[in-house]
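Read off the chains here:
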Amino acid sequence: MSKPSIVILTGAGISKESGLDTFRCAGGLWQQVSLEDVATPEGFQRNPALVHDFYNARRAQLRSPEIQPNEAHRALARLEQEFPGTVLLVTQNIDDLHERAGSQSLIHMHGELLKAECEACGAVLPWDGDLSEADVCPSCQGAGLLRPRVVWFGEMPLEMPRIFHALEQCDLFISVGTSGNVYPAAGFVDHVQRCGQGDTIELNLEPSEGASLFDQKRYGPATRIVPAFVEEILSGSYRL
Ligand code: APR
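Keep in mind it's a predicted model, so treat the numbers as computed, not measured.

**A word on the UniProt feature "binding site: substrate" (unreviewed entry) in the protein**
- Following the UniProt record, the feature "binding site: substrate" (unreviewed entry) maps to Tyr55 and Arg58 here.
- Here tyrosine 55 shows up in helix α5 (residues 48-63).
- Sequence-distant contacts of tyrosine 55, that is, excluding residues within four places in its chain, are made with Val38, Ala39, Ile94, Leu113, Pro148, Val150 and Trp152.
- Tracing the sequence through the fold places arginine 58 in helix α5.
- Ignoring anything within four residues of it in the chain, the contact list for arginine 58 reads Phe23, Leu29, Ile94 and Leu113.

**Concerning the UniProt feature "binding site: Zn(2+)" (unreviewed entry) in the protein**
- In the UniProt entry, the feature "binding site: Zn(2+)" (unreviewed entry) is given for Cys118, Cys121, Cys137 and Cys140. Their sequence span is 23 residues, while the largest C-alpha to C-alpha distance among them is just 8.6 Å; these annotated residues converge on one region.
- Note that cysteine 118 resides in strand β4 (residues 111-118).
- Here cysteine 137 is to be found in the loop between β5 (124-126) and β6 (146-150).

**Considering the side chain of histidine 191**
- Within the fold, histidine 191 resides in helix α9 (residues 188-195).
- Excluding anything up to four places from it in sequence, histidine 191 contacts Phe164, Leu167, Glu168 and Gly196.

**Let's talk about the pattern of salt bridges**
- Following the criterion strictly, the structure yields 9 salt bridges and no others.
- Among the salt bridges present, the one from arginine 46 reaches aspartate 37, with a minimum N-O distance of 3.2 Å.
- Overall, arginine 46 belongs to the exposed group, its relative accessible area being 55%.
- Note that glutamate 112 is salt-bridged to lysine 115, the shortest N-O span being 3.0 Å.

**Here's the deal with the sheet that holds β4**
- Strand order across the open sheet formed by 3 strands is β5-β4-β6, with antiparallel pairing between neighbours. Each edge of the open sheet is held by one strand with a lone partner, namely β5 and β6. The mean angle between the axes of side-by-side strands here comes to 45°, regardless of whether they run parallel or antiparallel.
- Bridge analysis of β4 against β6 gives 4 bridges, and the strand direction is antiparallel. Bridge pairing in β6 places alanine 116 opposite proline 148.

**Here's the deal with the environment of isoleucine 163**
- Within the secondary structure layout, isoleucine 163 lies in helix α8 (residues 160-169).
- With a relative accessible area of 0%, isoleucine 163 lands in the buried category.
- Residues isoleucine 163 and isoleucine 107, 56 residues apart in the sequence, show an inter-C-alpha distance of 8.4 Å.

**Focus on the site of the ligand**
- Every one of the 23 residues lining the ligand counts as a neighbour, but Phe23, Arg24, Thr178, Ser179 and Glu206 are closest to it.
- Interatomic distance of 2.9 Å between a side-chain N/O atom of histidine 110 and an oxygen atom of the ligand.
- Between a nitrogen atom of the ligand and a main-chain N or O atom of leucine 205, the distance comes to 3.2 Å.
- For the ligand, whose free accessible area comes to 730 Å², the fraction covered by protein is 95%.

**A look at the environment of alanine 72**
- Relative to the elements of secondary structure, alanine 72 occurs in helix α6 (residues 71-82).
- Along the primary structure alanine 72 and proline 148 are separated by 76 residues, whereas in three dimensions their C-alpha atoms are 27 Å apart.
- Leave out the neighbours within four places in its chain, and alanine 72 touches Ile14, Ala222, Thr223, Val226 and Pro227.

**Describing the domain arrangement of the protein**
- Looking at the assigned domains, one finds that the protein contains domain 1 (1-18 + 69-110 + 157-239) and domain 2 (21-66 + 112-150).
- Between domain 1 and domain 2, the C-alpha centre-to-centre distance is 26 Å.
- The partner domain 2 presents 13 residues to the 16 residues of domain 1 that form the contact.
- In terms of surface lost to domain 2, no three residues of domain 1 exceed Ala12, Lys16 and Ile94, which account for 41% of the buried area on that side.
- At the boundary of domain 1 and domain 2, one finds 0 salt bridges.
- Tallying contributions element by element places helix α7 (residues 97-101) first for the side of domain 1 that touches domain 2, with 3 residues.
- When the residues that make up the side of domain 1 that touches domain 2 are grouped by side-chain class, the tally is 5 nonpolar, 6 polar and 5 charged.

Quick notes on the rules
Residues numbered from 1 in each chain as written. Predicted model: local features only at pLDDT ≥ 70, side-chain atom pairs only at ≥ 80, totals over all residues. Heavy atoms only, no water. UniProt positions renumbered as here; feature names shortened; annotations may be inferred. Helix = DSSP H or I, 4+ residues; strand = E, 2+ residues; numbered from the N terminus. Contact = heavy atoms within 4.5 Å. Salt bridge = Lys/Arg side-chain N within 4 Å of Asp/Glu carboxyl O. Buried < 20%, exposed > 50% of the residue type's maximum accessible area, 1.4 Å probe, protein only. Pairing = 2+ DSSP bridges. Axes fitted to C-alpha atoms, helices over the stretch in contact; angles between N-to-C directions. Near = heavy atom within 4 Å. Polar contact = N/O pair within 3.5 Å; in protein donor to acceptor, adjacent residues only side chain to side chain. Areas by Shrake-Rupley, 256 points an atom, 1.4 Å probe, with all protein chains shown as cover. Domains from an automatic or database assignment. Buried area = accessible area lost by both parts, 1.4 Å probe. Nonpolar A, V, L, I, M, F, W, Y, C, P; charged D, E, K, R; others polar.

Encoded structure:
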């Protein structure tokens, strides 16, 4: 195959070995705080300061020097460099570790921690410091609140038409580090099976909720199994 079209979905598990928490593993974020309070529009309306505190802490952690991309992030960036124009990385993660590893063909379907959004005019702004109710939108001078540019439960993820089109066209769908609990991402493998022709493979620490839907599964830490699988693709030993 000349240049295979590959869609990769990543979740919190790919950033775990970089030092960032997952959501549903033991001690994960949703065992530390209530997602209803910090990851829903209702929670933000009810108590914006609590929501800002939650994301400010995650933004400060992401900026600390010990948080760096790992070998799994770098392997996926290498795959894109080897097949320019035919690899699309769709991440559920709001960290910037894929960008820092070199990935460019990238969609943050759940938004980005290092951006803010104006509730009044919709402006999206780079934001790597703390965010609070006192911050005013530079575009509309603060008619509404600035919020984290993060897609919360009950909101529509970003760029879905582009993602579904890529899933329908791809030769290979790779899912990395996600528990398969949250839709629409959890339904991507089924979409490939029903509407596409690509092979599907799950690379995870343990079987996800959707494990049975994948053609192939490999389990282990992402920093080991992702570089190994990328090497199989690049060496031709994984037949596409
Ligand atoms: N290597 C590979 N996989 C790992 C590793 C690791 N080192 N550590 C954990 N995992 C796996 C876990 O086994 C689990 O299946 O990563 C997955 C993490 O699952 P979740 O914590 O549910 O995270 P994710 O699937 O990304 O959540 C999806 O839910 O709360 C929302 O918006 C949030 O984007 C998030 C979405």
